[in-house]
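What follows is each chain in one-letter form.
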Amino acid sequence: MGTIPLGEDILLARHGSNIVKLRQDRKHRSTVAYLRGGEIDTASNVLMATQEVAPVVSQAAFEQAQPAAEQPATPAASISAGAARYLNNESAISRDEVRSLAKISLGFSAIMGTVFGGLLLALYKVGGPEAFDSIATMTTMQ
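Residues numbered from 1 in each chain as written. Predicted model: local features only at pLDDT ≥ 70, side-chain atom pairs only at ≥ 80, totals over all residues. Heavy atoms only, no water.

Turning our attention to the packing of aromatic side chains. Applying the stated criterion across every chain, the model contains 1 aromatic pair. Here the aromatic rings of tyrosine 124 and phenylalanine 132 are separated by 5.8 Å at their centres, their planes lie at 25°, and the arrangement is stacked. Relative accessible area serves as the criterion here: at 31%, phenylalanine 132 is assigned to the partly exposed category. (Phe/Tyr/Trp six-rings, centres within 6.5 Å; stacked < 30°, edge-to-face > 60°. Buried < 20%, exposed > 50% of the residue type's maximum accessible area, 1.4 Å probe, protein only.)

What follows is the structure, encoded as structure tokens:
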């Protein structure tokens, strides 16, 4: 059972029944609401303590909590950062979406393999081994 992101709660409190559609923006850690009048509103899915709200937090701890805006220096660091974002479900494509696409791809491959195997079997039943020989000689002639 999944949890409701914080941004959805905020947007439901702001707009209620005027929301037409909600979408998760994992890259920016926010929820996007499409409203009836055509407007768009966003709300963050992350609670962050600001210096005004929690002055006890030191500046160093506050900076560590902020996401790094710098690009990794090397390709290996960039790949590592992308893998970490993916594993933390913060990338633009979630792990559930990747799993769903993999299942669809494997299912489609299995169906197409079965259809191709059935066509080969039908060709063998109708034409016998001579049909395969004629196909083999057709491809070598060209």
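The biggest cluster of nonpolar side chains holds 5 residues, and these are Leu11, Ile19, Ala33, Leu35 and Ala43. Ignoring sequence-local partners within four residues, the contact set of alanine 43 consists of Gly7, Ile10, Leu11, Arg14, Ser30 and Thr31. (Core = buried A, V, L, I, M, F, W, Y, C linked by side-chain atoms within 4.5 Å. Contact = heavy atoms within 4.5 Å.)

By the bridge criterion, 6 bridges tie strand 1 (residues 19-25) to strand 2 (residues 30-35) in an arrangement that is antiparallel. Bridging across to strand 2, aspartate 25 finds its partner in serine 30. The hairpin formed by strand 1 and strand 2 contains 4 residues between the paired strands, and arginine 29 there has a positive phi angle of roughly 55°. (Pairing = 2+ DSSP bridges. Helix = DSSP H or I, 4+ residues; strand = E, 2+ residues; numbered from the N terminus.)

All right, on to the pairing of strand 2 then. Where burial is concerned, most of strand 2 is hidden: 5 out of the 6 residues are buried. Relative to strand 3 (residues 40-44), strand 2 runs antiparallel, the two sharing 5 bridges. When the bridges of strand 3 are listed, valine 32 appears paired with threonine 42. Hairpin remark: strand 2 followed by strand 3, antiparallel, with 4 residues in the connecting loop; positive phi at glycine 38, about 95°.

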